[in-house]
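Each chain, letter by letter, is given below.
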Amino acid sequence: MFLDKTYLRSLFFLIVLAVLTASCKSKKISREDPVFTVISTAKSFTGTPYKYGGTTRAGMDCSALVFHSFYAVGITMPRISADQAKMGKKVSPRELKEGDLLFFATGRRRNQVTHAGIVTESKKGDIRFIHASTSLGVTEDFLSNRYWSKAFLFGRRLLE
């Protein structure tokens, strides 16, 4: 009887361990997935200084970062973030995933798109995104940051 209980406990422990490790696996993006290319292209600009209207590694703005990142997978975006915000399909904040676009109102008008970024990581509702910051250049931030969460308008998806 003792061996049976020990065996059952061990079996139960192994099953629980298998379920837990299976559910904790990270959802790594395949290198063949266009989302991987969009994000890696965006990240290749990390540290590029901010320049309003800029489109090169010498200096760029947020819409140029979006433009170049999606151009890498054959999608030609408009050059202005307000126009980029009309592309793709709207996505609720709970459904945001890697490669989705984020749009913000950072100016005086609370509903006017003035800034854009690309989701680089989505873990349990914690959204990390890359964008061209006026003070830091191309960098990553969290949507949960007070400034960004207040300025956030909506997300859009171009890649399925």
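From a predicted model like this one, the values you see are computed outputs, not experimental measurements.

Participant: Just checking my understanding: could you explain the sheet that holds strand E7 (residues 137-142) for this structure?
Facilitator: The strands making up a sheet associate through backbone hydrogen bonding, with each pair oriented either parallel or antiparallel. Strand order in the open sheet made by the six strands is E3-E8-E4-E5-E6-E7, with antiparallel pairing throughout. In this open sheet, the two edge strands, each paired with only one partner strand, are strand E3 (89-91) and E7. For this sheet, the mean inter-axis angle between neighbouring strands, taken without regard to orientation, is 35 degrees. As paired strands, strand E6 (residues 126-133) and E7 are joined by six bridges and run antiparallel to one another. Across the sheet, Phe129 pairs through a bridge with Asp141, a residue of E7.

Participant: Even after reading the chapter, I still don't get the confidence of the model for the protein, so can you show me in this structure?
Facilitator: Do not read the predicted coordinates in detail wherever pLDDT is low. Across the protein, pLDDT averages 88, with 83% of residues at or above 70. Note on residues 13-26: pLDDT under 50 across the span, and zero contacts to partners over four residues away in sequence or across chains.

Participant: Please clarify how the layout of surface pockets should be interpreted in this entry.
Facilitator: Rolled over the atoms, a probe sized like a water molecule indicates the empty space that remains. Here the second largest pocket defines a volume of roughly 350 Å³. Around the second largest pocket, the lining comprises 23 residues; the ones closest to its centre are Tyr50, Tyr52, Cys62, Thr114 and His115. Broken down by element, the lining of the second largest pocket gets its largest block of residues, three residues, from E6. Among the residues making up the lining of the second largest pocket, the classes are represented as 10 nonpolar, 10 polar and three charged.

Participant: Would you mind showing me how to read the nonpolar core here?
Facilitator: Side chains of nonpolar character tend, in soluble globular proteins, to be buried together. Core analysis: the biggest nonpolar cluster contains 25 residues, and Phe70 and Ile118 have the highest contact counts within it. Among the secondary structure elements, those contributing two or more residues to this core are helix H2 (34-43), helix H3 (62-71), strand E4 (101-104), strand E5 (115-123) and E6. For this core, the element with the highest residue contribution is H3, accounting for six residues. Among residues more than four places away in sequence, those in contact with Phe70 are Val38, Ile75, Met77, Gly99, Leu101, Ile118, Leu158 and Leu159.

Participant: Would you mind going over the pairing of E6 with me for this structure?
Facilitator: The side chains of a regular strand alternate, first on one face of the sheet and then on the other. With six of eight residues buried, E6 lies mostly within the body of the structure. One ladder, built from five bridges, connects E5 with E6; its direction is antiparallel. From the neighbouring strand, Ser122 faces E6, where its bridge partner is Ile127. Taken together, E5 and the strand that follows it, E6, pair antiparallel across an intervening segment of two residues, in which Lys124 is found at a positive phi of about 50 degrees.

Participant: How do you make sense of the environment of Phe36 when you look at a structure like this?
Facilitator: In this structure, Phe36 sits in helix H2. In sequence terms Phe36 and Glu98 are 62 residues apart; their C-alpha atoms lie 8.5 Å from each other. If we skip the residues at most four places from it in the chain, Phe36 touches Ile29, Ser30 and Arg31.

Participant: Explanation requested: the packing of H2 against H3 in the structure shown.
Facilitator: Packed helices, taken two at a time, are described by the angle their axes make and the gap between the axes. Remark: H2 packs on H3, axes separated minimally by 8 Å, with the N-to-C direction vectors making an angle of 135 degrees. Between H2 and H3, the angle is such that the two are oblique. For the crossing formed where H2 meets H3, the hand is right-handed. When H2 is examined against H3, the residues Val38, Thr41 and Ala42 are found in contact with a partner set consisting of Leu65, His68, Ser69 and Phe70. The residue makeup of the contact of H2 with H3, split by class, is four nonpolar, three polar and no charged.

Rules used in this analysis
Residues numbered from 1 in each chain as written. Predicted model: local features only at pLDDT ≥ 70, side-chain atom pairs only at ≥ 80, totals over all residues. Heavy atoms only, no water. Pairing = 2+ DSSP bridges. Helix = DSSP H or I, 4+ residues; strand = E, 2+ residues; numbered from the N terminus. Axes fitted to C-alpha atoms, helices over the stretch in contact; angles between N-to-C directions. pLDDT = per-residue confidence, 0-100. Contact = heavy atoms within 4.5 Å. 1 Å grid on protein atoms, 1.4 Å probe; cavity = no way out; pocket = protein on both sides within 12 Å on 5 of 7 lines; lining within 4 Å. Points joined across faces, edges and corners; volume = space filled by probe spheres on them. Nonpolar A, V, L, I, M, F, W, Y, C, P; charged D, E, K, R; others polar. Core = buried A, V, L, I, M, F, W, Y, C linked by side-chain atoms within 4.5 Å. Buried < 20%, exposed > 50% of the residue type's maximum accessible area, 1.4 Å probe, protein only. Parallel < 35°, antiparallel > 145°, perpendicular 65-115°, else oblique. Left-handed = near helix turned anticlockwise from the far one by under 90°.

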